[in-house]
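Structure at a glance
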Amino acid sequence: MGAGFNKTELSDTNGRADEDLPNSKDAPVSKADVLLLFGASGDLAYKKLFPALYGLAVEGRLGISIIGIGRSKWSATDLADRARASITEHVDNPDPAKVDEVANACDFVSGDYRSQETFDAIGAAIADAQTPMAFLAIPPELFDDVAVGLASVGIADAGRIVVEKPFGRDLESAEQLNTILHKHFHEDDIFRIDHFLGKEPVQNLMVFRFANSMFEPIWNRHHIESVQITMAESFGIEGRGGFYDEVGAIRDVVQNHLLQMVALLAMEPPASSDPKALRDEKVKVFQAMRTVDPASVVRGQVEGYRDEEGVAAGSDTETYAAMVVEIDSWRWAGVPFFIRTGKALAETRTEAIVEFKAPPRLLFAEEGHQPKANTIRFTLKPADQIGICLQAKRPGSGLVSGPIGFEVDHDESFGTKSRDAYHRLLGDALTGDSTLFARQDGVEESWRVIDQVLASPNPVVTYPAGSWGPPEADDLLPGHQLWDASLIGDAPPDQP
């Protein structure tokens with residue numbers, strides 16, 4: 001037992017097997033009273049975590065000690081200065097009193113993550129804590145060392161742990177990572193944070209569906225023709241060649257962000273708002289997804305990528321990926337979910353477009369005109385918007401329809417600005433709300449969906465920067481015209 005930590009002795013913590021760890025400990029959830037911030041001197045803490053802690057202070061929800069842990073020979077004053085600089089840079093007109101609240105809560109433990117002395121010092125520093133929470137803003141290869149160290153001073157039994165994505169590189173490594181974490185922590189105490197799930201527009205995908213009963217009768221294979229999901233970025237890898245060349249677009253955003261969007265659009269109504277019920281339904285969607293056939297995947301690489309610093313000569317890493325995801329469930333069988341993502345594309349845009357089946361031609365046969373399909377467009381970036389495209393009679397004597405659109409901006413409608421994702425997720429983790437965090441079975445199922453693509457990838461095809469990616473991706477949509485706005489279609493000319 002580490003010095004000073006006031007908790008019960010561990011009972012063979014290091015020897016617990018995965019199957020011995022229940023999904024629920026049947027224990028009440030309590031708010032964390034101390035935050036152990038591993039990687040406190042890093043970019044993530046500076047750009048996101050300290051501003052999020054400030055946001056919690058503004059809401060009166062902080063009230064905890066913040067102990068940074070790292071190899072830097074810092075003092076509490078050094079960490080407090082880092083927190084002040086972070087908040088000043090990333091928050092508009094911060095309240096000095098709230099900045100002081102965050103800074104005054106800071107302390108620092110300097111040491112190596114692989115040294116027992118470091119964790120003994122941590123145990124002494126949090127002697128009076130009841131529910132410590134460790135946030136691992138560090139590389140995944142250090143998770144095992146830190147988990148062992150935390151367990152050695154009783155934190156595994158008493159508190160919770162937050163780990164950043166990536167949760168592995170493939171199915172096998174994800175299973176290994178879960179085994180490592182479960183040697184020391186119960187599943188209920190593991191918070192796998194994916195900042196994408198903390199974004200308000202992402203959460204709205206689910207809320208819009210289930211809070212508007214008019215859509216439920218038509219949200220199925222009988223009425224929906226296809227779904228398109230796009231995450232496009234106009235910028236490239238921005239000096240991260242060494243990192244990105246080991247990851248690629250599929251690992252970076254398809255396995256997590258885009259499959260999560262599919263799950264939110266396709267899940268069944270949960271039985272309650274309980275975190276377990278919500279996550280159960282998402283996992284069911286992952287389980288129903290077919291393993292993606294590599295033949296249905298287009299991998300692209302932007303021209304000039306191999307000239308980037310840190311990128312291997314002759315690299316086959318994809319900066320673009322497009323594929324078809326099929327869900328074998330009663331609701332969705334036969335409805336293709338087309339997903340694509342890429343770097344250095346024409347614009348930065350994240351959206352999902354639900355295309356409904358086109359109406360029959362009966363009324364329009366005399367004109368030889370087929371009305372376009374209705375669509376619902378969920379735009380997550382650059383703005384949080386929802387657009388609906390309907391058909392109405394075009395002016396003139398003929399019965400010819402044309403598209404009319406309705407678009408609503410979330411922030412304008414509610415008169416408030418969305419909170420940063422880390423603000424929401426860090427607050428949820430501190431209170432023990434796991435709703436927006438990935439669960440072991442969901443992580444492993446989403447890796448299973450793309451595992452064959454990673455094991456037997458198609459060669460990359462190049463595309464020019466500023467385009468919408470390789471034209472081969474259009475071949476994934478036979479009978480569905482083209483990607484994106486072309487779903488709405490060009491209106492025909494007015495009839496005489």
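Residues numbered from 1 in each chain as written. Predicted model: local features only at pLDDT ≥ 70, side-chain atom pairs only at ≥ 80, totals over all residues. Heavy atoms only, no water.

What follows covers the pattern of salt bridges. Oppositely charged side chains can pair when the atoms bearing their charge come close. Applying the stated criterion to the full structure yields 23 salt bridges. Residue R290 is joined to D328 by a salt bridge in which the shortest nitrogen-to-oxygen separation is 3.0 Å. Of the two residues, R290 is situated in the loop between α11 (275–288) and β8 (297–302) and D328 in the loop between β9 (320–325) and β10 (337–342); the sequence distance between them amounts to 38 residues. A single salt-bridge network, built from bridges that share partners, covers K276, D280, R439 and D441. (Salt bridge = Lys/Arg side-chain N within 4 Å of Asp/Glu carboxyl O. Helix = DSSP H or I, 4+ residues; strand = E, 2+ residues; numbered from the N terminus.)

Here we take up the packing of α11 against helix α14 (residues 440–455). Where α11 contacts α14, the two axes come as close as 9 Å, and the packing angle between them is 25°. When the interaxial angle is binned, α11 and α14 end up roughly parallel. Handedness of the crossing formed by α11 with α14: left-handed. The segment α11 lies against α14, with V283, F286 and Q287 engaging D441, G442, E445, S446, R448 and V449. When its residues are assigned to classes, the contact of α11 with α14 shows 3 nonpolar, 3 polar and 3 charged. (Axes fitted to C-alpha atoms, helices over the stretch in contact; angles between N-to-C directions. Parallel < 35°, antiparallel > 145°, perpendicular 65-115°, else oblique. Left-handed = near helix turned anticlockwise from the far one by under 90°. Contact = heavy atoms within 4.5 Å. Nonpolar A, V, L, I, M, F, W, Y, C, P; charged D, E, K, R; others polar.)

Time to look at the environment of F406. The topology assignment puts F406 in strand β14 (residues 401–409). If near-sequence neighbours (up to four positions away) are discounted, F406 is found in contact with I386, G387, I388 and L390.

Looking now at the confidence of the model for the protein. Residues of the protein with pLDDT of at least 70 account for 89%, and the chain-wide mean is 87. Contacts of residues 1–24 to residues separated by more than four positions or lying in other chains number 60 contacts, the stretch itself having pLDDT below 50. Note on residues 486–496: pLDDT is under 50 here. Beyond four places in sequence and across chains, it has 30 contacts. (pLDDT = per-residue confidence, 0-100.)

Side chains of L390, I404 and F406 sit close together on the surface and give an oily, nonpolar patch of about 250 Å² of accessible area. Position of L390 relative to the elements: it lies in strand β13 (residues 385–393). According to the relative accessible area criterion, L390 is partly exposed, its value standing at 32%. (Patch = residues over 30% accessible without salt bridge, like charges linked within 9 Å, V, L, I, M, F, W, Y side chains within 5 Å. Areas by Shrake-Rupley, 256 points an atom, 1.4 Å probe, with all protein chains shown as cover. Buried < 20%, exposed > 50% of the residue type's maximum accessible area, 1.4 Å probe, protein only.)

In terms of burial, strand β5 (residues 160–164) is a largely internal element, 5 of the 5 residues being buried. Examined bridge by bridge, strand β4 (residues 132–136) and β5 share 4 bridges and lie parallel to one another. In the sheet register, F135 faces β5, and the bridge partner there is V162. Assessed by its sense of winding, the connection that carries the chain from β5 through helix α7 (residues 171–182) to strand β6 (residues 190–193) is right-handed. (Pairing = 2+ DSSP bridges. Right-handed = clockwise from strand over helix to strand, strands pointing away.)

Another aspect to go through is the environment of I69. In this structure, I69 sits in strand β2 (residues 65–70). Take I69: its relative accessible area is 0%, and that puts it in the buried class. On a C-alpha basis, the gap between I69 and F38 in space is 4.8 Å, while along the polypeptide they are 31 residues apart. In contact with I69, not counting residues within four places along its chain, are L36, L37, F38, G39, A40, F108, V109, Y113, T118 and I122.

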